[in-house]
Amino acid sequence: MGGALGSRDGAVSSLLLSGIVKRYGTQAVVDGLDFSIRSGEFVSLLGPSGCGKTTLLRIIAGLIACDAGRVVVGDTDVTKLPAHRRNIGVVFQSYALFPHLTVGENIAFGLKAHGVQGTELAAGVSQALKAVQLSALADRPISALSGGQQQRVAVARAIATRPRLILLDEPLSALDRKLRETMQIELRQMLRDAGMTAIFVTHDQEEALVMSDRIAVMNHGRIEQFDAPDTIYARPSTPFALNFVGLSSQWHGEVSRVSDTLLTVQTDCGTIDAPLAALPDATPGARVLVGVRPEMIEIKHLETSLAPLDAVPRNRLAVTVGETVFLGSRRLVYFQSQQVGANAVMAEVATNQSVATAPGDQLQLSWPVGHTLVYPMSASH
Amino acid sequence: MASTAHSATSRVAWLAIPGAGYLLLVFALPLALLLASSFQSEQGGFTWQGYTNFLSDPFNATVVWNTLKIAFIVTGLCLLIGYPTAFAMARTSLPVQGGMFLALILPLSVGVIVKSFAWTIILRSNGPINHILMSLGIVDDPVKLLFNERGLVIAAVHVFLPFMVLPIFTVARQIDSRMQEAAATLGATPVHTFLKVTWPLSLPGVVTGCAFVFSMAVSMYVIPALLIGDRYQTLPAMMARAYLFMRDRQAGSTMAVVLLLIAVFIVVASTLLTRRLQARTQAQGVAA
């Protein structure tokens, strides 16, 4: 995107939120939230519905006022500015395209509102249309477009004014699965090419993992973890993050021994070792939650599992096969478990791996101790 | 596909028969008789007399002007008051919306005569409005609100307001409030948003409401009769006088035809306008 709009403050900006609070009645929807993203970053706000992510988005856009805290874009405090003076683009979940205007007129709307006219206006519109590959549809009415095309018009409309920041509120949720997967890649590419700082709200963990530079996992109006996707997946910092992103086997247990590098947890299904680094302040007797990602687990038939001679220490548990779910390239094997209140225990096995699993089979699970995740459990659990 | 669609359409067409038949009998037929009698001389032959008489009397021009002027003022005021009301109603919580609905609909069940008579009590020199104005010291002498255009307009706006609010409400309710938010995030001021988004999207409701109110205001008889009396002539009042007192069927019919033409012109024009707007606004269902 070029110089046609260089006259306005079109510089892509970083965002800083500090101490944001928003209450509805006595309920704090956003609860003292601090957050900052770098210029040009693509960040997802990931959380279940009602976690406050859309409210936060609307506070950043200026569509609702926060009760406390500051919103700083670049080096401008915009907390008190109304939405129309912030120059923050928004792509709405329902797109909110203007039905009485054509595709081109929709895109021209923001430019006109900023006082752009004549050839500059035409150039801005065609540039935005080119960015989303819809140049041929400029004169179509909105009603003549497919869902995916409407989505792209919404993006084009939002980037046409060269906003300092672009916010996307579950923009792909109205599309069918196939199109959604294509659009995830396309959308990220479009925004990268436009050099936008983007915040993407979603409840879809896969979408967040696919699209983001960093993911902020939100729960109860707070950010539980803010990290790169691979870190979020491999080292979720809270049980909520563990549960919300990806699958995991989980056991409740009690710390029985703490050594220099390891802690040992006694569970109903046997003892499980974990690196002490996963929970440095663990003390014997503490109630903990132990988890492991299913693809870390290896399964073997009991009779073939001989003495452990592994290079890396592994946890081993004897289990009985329950259900097997076929997922194409992988199988997900669930095991029978007597545990109450914890997640089902499961392993993910490549389909071409030849361990046959029938319900009732006795198997041995093992996984590297280093991949064991441990979380303290509050008394209420 | 085409044949099933066609037969479905023709079956649906039967549903229109009761309404169409009723209208034919009680509306189209009398209308034809009316039209005929406006061209009928006393001897029973064809004549342009009624129209030449009507058009040659400059007083009639004043009457038509008065009638149109009042109708336009009433329509304009109804729009001015009704538009924000309709949007407030569309955007408020359901219980409040229900209350507003009742406040709007219930007065319709009170007859126009009762309402007009009530207004004569409220507006008269020693009525509550003048009482309040004088006791607050805003005016020294009673404001003349009865037997002039002011009172007529006040009462007519009150009677016709629901017919402006309801069509606009119906359209306003369908306008996604994200439209206004989207406009704001694109840098549009509230005024710009109103002019370029809200107003065009609500136009179909505005046009329908204005057509309703205008055609009722241009033909109202009871309200002016009670609030102004004979001093101020409107077309419907003259028509009534021609029929009831002067027993001049031709003159009455002629005026009825003139009034009808005005009303038909307004309604047809506004319908065409709505059509054109809706052709562009079809997307609402998809985008909203």
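Owing to the predicted nature of the structure, the values given are computational and were not obtained by experimental measurement.

1. Examining the overall build of chain A
Here is step 1: If you tally the helices and strands in chain A, you get eight helices and 20 strands.
Here is step 2: Residues counted as buried form 51% of the 381 residues belonging to chain A.
Here is step 3: The long-range fraction of contacts in chain A, counting pairs at least 24 apart against all pairs at least 6 apart in sequence, stands at 69%.
Here is step 4: If you sum the accessible surface of chain A, you get close to 16,400 Å²; carbon and sulfur atoms cover 51% of it.
Here is step 5: Of the charged side chains in chain A, 33 are positive and 35 negative, and the gap between their average positions amounts to 6 Å.

2. Re the sheet that holds strand E14 (residues 287-292) of chain A
Residue and element names in this part refer to chain A.
Here is step 1: Within the open sheet, the five strands sit side by side as E13-E12-E11-E14-E20. Their pairing is antiparallel. Whereas interior strands pair on both sides, the edge strands pair on one side only; in this sheet they are strand E13 (270-275) and strand E20 (373-376). Strand-to-strand, the axes of this sheet are offset by a mean angle of 40 degrees, without reference to chain direction.
Here is step 2: As judged from the five bridges shared by strand E11 (residues 249-258) and strand E12 (residues 262-267), these two strands associate in the antiparallel manner. Looking at the pairing, Gly-253 lines up with Thr-267 of E12.

3. A look at helix H9 (residues 178-185) of chain B
Here is step 1: Burial analysis of H9 of chain B places six of its eight residues in the buried class, the great majority of the element.
Here is step 2: Buried within H9 of chain B are the following residues: Met-179, Glu-181, Ala-182, Ala-183, Ala-184 and Thr-185 of chain B.
Here is step 3: Those residues of H9 of chain B that are buried lie in contact with helix H1 (53-61), strand E6 (88-91), helix H2 (103-113) and helix H4 (147-160) of chain A together with helix H10 (190-218) of chain B.
Here is step 4: With its phi angle positive at about 100 degrees, Gly-187 of chain B sits one or two positions after the end of H9 of chain B.

4. Digging into the packing of aromatic side chains
Here is step 1: This structure, assessed with the given rule, holds 16 aromatic pairs over all chains.
Here is step 2: Their ring planes at 40 degrees and their centres at 5.9 Å tell us that Phe-42 of chain A and Phe-200 of chain A sit as a pair that is tilted. A residue pair is termed long-range when its members are at least 10 positions apart, and Phe-42 of chain A in strand E3 (residues 42-46) and Phe-200 of chain A in strand E8 (residues 198-202) qualify at 158 residues.
Here is step 3: Classification of Phe-42 of chain A by relative accessible area gives buried; the value is 3%.
Here is step 4: On the accessibility criterion, Phe-200 of chain A (0% relative accessible area) is buried.
Here is step 5: Ring centres of Tyr-83 of chain B and Phe-194 of chain B lie 5.7 Å apart, and the angle between their planes is 90 degrees; on these two criteria the pair is classed as edge-to-face. Of the two residues, Tyr-83 of chain B sits in helix H4 (residues 58-91) while Phe-194 of chain B sits in helix H10, which places them 111 residues apart along the sequence.
Here is step 6: Phe-194 of chain B gets classed as partly exposed once you look at its relative accessible area, which sits at 34%.

5. Focus: the layout of surface pockets
Residues and elements named next belong to chain B.
Here is step 1: Of the pockets and cavities examined, the largest pocket occupies roughly 280 Å³.
Here is step 2: Asn-60, Met-238, Met-246, Ala-251 and Met-255 are the residues nearest the centre of the largest pocket, which is lined by 15 residues in total.
Here is step 3: When residues of the lining of the largest pocket are assigned to their parent elements, the largest contribution, four residues, is made by helix H13 (residues 249-281).
Here is step 4: Classifying every residue of the lining of the largest pocket by side-chain character gives seven nonpolar, five polar and three charged.

6. Remarks on the nonpolar core
Here is step 1: Ranked by internal contacts, the top residues of the largest apolar core, which has 102 residues, are Val-74 and Phe-160 of chain B.
Here is step 2: At 14 residues, helix H8 (residues 149-174) of chain B tops the list of elements feeding residues into this core.
Here is step 3: If we ignore the near neighbours within four places in the chain, the residues touching Val-74 of chain B are Val-153, Ala-156, Val-157, Phe-160, Val-213 and Ala-217 of chain B.
Here is step 4: If you look at the next biggest cluster of nonpolar residues, it comprises 38 residues, including Phe-42, Ile-166, Leu-172 and Ala-198 of chain A.

7. Thoughts on the interface of chain A and chain B
Here is step 1: Between chain A and chain B, the contact holds 26 residues from the first and 25 residues from the second.
Here is step 2: Interface area for chain A against chain B, summed over the two sides, is near 2,300 Å², with a carbon-plus-sulfur share of 65%.
Here is step 3: On the chain A side of the interface with chain B, the three residues burying the most area are His-84, Pro-99 and His-100 of chain A, jointly 29% of the side's total.
Here is step 4: Summed over the shared surface of chain A and chain B, the result is two salt bridges.
Here is step 5: Across the chain A-chain B interface, the total number found is four residue pairs in polar contact (both at pLDDT 80 or more).
Here is step 6: Those elements that provide at least two residues to the side of chain A that touches chain B are E6, H2 and H4 of chain A.
Here is step 7: Per-element accounting of the side of chain A that touches chain B gives the leading share, four residues, to H2 of chain A.
Here is step 8: A class-by-class count of the residues in the side of chain A that touches chain B yields 13 nonpolar, nine polar and four charged.

8. Let's talk about the sheet that holds strand E1 (residues 15-24) of chain A
Residues and elements named next belong to chain A.
Here is step 1: One open sheet holds the four strands; their spatial order is E2-E1-E4-E5, and the pairing between them is antiparallel. The open sheet is flanked by strand E2 (27-37) and strand E5 (76-77), the only strands paired with a single partner.
Here is step 2: As paired strands, E1 and strand E4 (residues 68-73) are joined by five bridges and run antiparallel to one another. Looking at E4, one finds that Val-21 is bridged to Ala-68.
Here is step 3: Relative to the sheet, H1 contacts E1, E2 and E4, its axis offset from that of E1 by approximately 120 degrees.

9. So, the packing of H4 of chain A against helix H5 (residues 177-193) of chain A
All names here are of chain A.
Here is step 1: At their nearest, the axes of H4 and H5 sit 11 Å apart, and the two run at 15 degrees to each other. Between H4 and H5, the interaxial angle falls into the category roughly parallel. Crossing of H4 over H5 shows right-handed handedness. The residues of H5 that touch H4, namely those facing Gly-148, Gln-151, Arg-152, Val-155 and Ile-159, are Leu-179, Met-183, Glu-186, Leu-187, Met-190 and Leu-191.
Here is step 2: When its residues are assigned to classes, the contact of H4 with H5 shows seven nonpolar, two polar and two charged.

10. Some details on the pattern of salt bridges
If the charged atoms of two oppositely charged side chains come close together, the side chains can form a pair.
Here is step 1: This model, assessed by the stated rule, comprises 15 salt bridges over all chains.
Here is step 2: Residues Arg-192 of chain A and Asp-213 of chain A are paired through a salt bridge, measuring 2.7 Å at the closest nitrogen-oxygen approach. Here Asp-213 of chain A lies in the loop between helix H6 (205-211) and strand E9 (214-219) and Arg-192 of chain A lies in helix H5, a separation of 21 residues in the sequence.
Here is step 3: It is possible to trace a salt-bridge network through shared partners that takes in Arg-58 and Asp-169 of chain A together with Arg-178 and Glu-181 of chain B.

11. Brief notes about the pairing of strand E18 (residues 345-350) of chain A
Regular strands have side chains that alternate between both faces of the sheet.
All names here are of chain A.
Here is step 1: Most of E18 sits out of view: five of its six residues are buried.
Here is step 2: Both strand E17 (residues 330-336) and E18 contribute to a ladder of six bridges, which runs antiparallel. By the bridge assignment for E18, Tyr-334 is matched with Met-346.

12. A short note on the domain arrangement of chain A
All names here are of chain A.
Here is step 1: Taken domain by domain, chain A holds domain 1 (15-241) and domain 2 (247-376).
Here is step 2: Residue-level contacts link eight residues of domain 1 with seven residues of domain 2.
Here is step 3: For the pair domain 1 and domain 2, the summed buried surface comes to about 660 Å²; carbon and sulfur atoms form 46% of the total.
Here is step 4: Per-residue buried area on domain 1 facing domain 2 is highest for Tyr-233, Arg-235 and Pro-239; these three make up 71% of the total on that side.
Here is step 5: Along the contact surface separating domain 1 from domain 2 lie zero salt bridges.
Here is step 6: Connecting domain 1 to domain 2 are four residue pairs in polar contact (both at pLDDT 80 or more).
Here is step 7: If you tally residues by element for the side of domain 1 that touches domain 2, the top one is helix H7 (residues 229-234), at three residues.
Here is step 8: Residue classes in the side of domain 1 that touches domain 2 are distributed as five nonpolar, two polar and one charged.

Analysis parameters
- Throughout, residues of each chain are indexed from 1 in the direction in which the sequence is written.
- Each chain takes a letter, starting from A, and each ligand takes a number, starting from 1, following the order in which they are written.
- Residue-level local features of this predicted model are given only where pLDDT is at least 70; pairs of side-chain atoms are given and counted only at 80 or more, and the full residue set underlies all totals for whole chains, interfaces and linings.
- Working from all heavy atoms in the structure, the side-chain values ignore hydrogens and water.
- Here a helix means four or more residues in a row that DSSP labels H or I, a strand means two or more in a row labelled E, and each is numbered from the N terminus.
- Each residue's exposure class comes from its accessible area (1.4 Å probe, protein chains only) as a fraction of the maximum for that residue type: buried when under 20%, exposed when over 50%, partly exposed otherwise.
- Working rule for contacts: check all heavy atoms of both residues, and any pair within 4.5 Å makes them a contact.
- Accessible areas in this description were obtained via Shrake-Rupley with a 1.4 Å probe; residue shielding takes into account the shown protein chains only.
- The sign given to each residue is positive for Lys and Arg and negative for Asp and Glu; His and the chain ends receive no count.
- Lys charges are placed at NZ, Arg charges at CZ, Asp charges at CG and Glu charges at CD.
- Two strands are said to pair when DSSP picks up at least two bridges between them.
- Axis lines are fitted to C-alpha atoms, over the contacting stretch for helices. Their N-to-C directions set the angle, which ranges from 0 to 180 degrees.
- Only Phe, Tyr and Trp rings are paired, with Trp represented by its six-membered ring, and only when their centres lie within 6.5 Å; those with planes under 30 degrees apart are stacked, over 60 edge-to-face, the remainder tilted.
- Cavities and pockets were defined on a 1 Å grid built over protein atoms only: a cavity is a set of grid points that admits a 1.4 Å probe from which the probe cannot escape, a pocket is an open set flanked by protein on both sides within 12 Å along at least five of seven lines, and lining residues are those with an atom within 4 Å of any such point.
- Grid points are joined across faces, edges and corners, and a volume is the space filled by probe spheres set on the points.
- Nonpolar residues are Ala, Val, Leu, Ile, Met, Phe, Trp, Tyr, Cys and Pro. Charged residues are Asp, Glu, Lys and Arg, and all others, Gly as well, are polar.
- Take the buried residues of types Ala, Val, Leu, Ile, Met, Phe, Trp, Tyr and Cys, join any two whose side-chain atoms come within 4.5 Å, and each joined set is a nonpolar core.
- Take the accessible area each of two parts loses on contact, using a 1.4 Å probe, and add the two losses: that sum is the buried area.
- The rule for a salt bridge is simple: a side-chain nitrogen of Lys or Arg has to be within 4 Å of a carboxyl oxygen of Asp or Glu.
- In the analysis that follows, any N or O atom pair within 3.5 Å is treated as a polar contact, provided that within protein one partner can donate a hydrogen and the other can accept it, and provided that, for residues neighboring in sequence, both atoms belong to side chains.
- In these notes the angle categories are as follows: under 35 degrees is roughly parallel, over 145 is roughly antiparallel, 65 to 115 is roughly perpendicular, and the rest is oblique.
- Crossing handedness is read from the near helix: turned anticlockwise from the far helix by less than a right angle, it gives a left-handed crossing, and turned clockwise, a right-handed one.
- Each domain's extent was defined by an automatic or database domain assignment.

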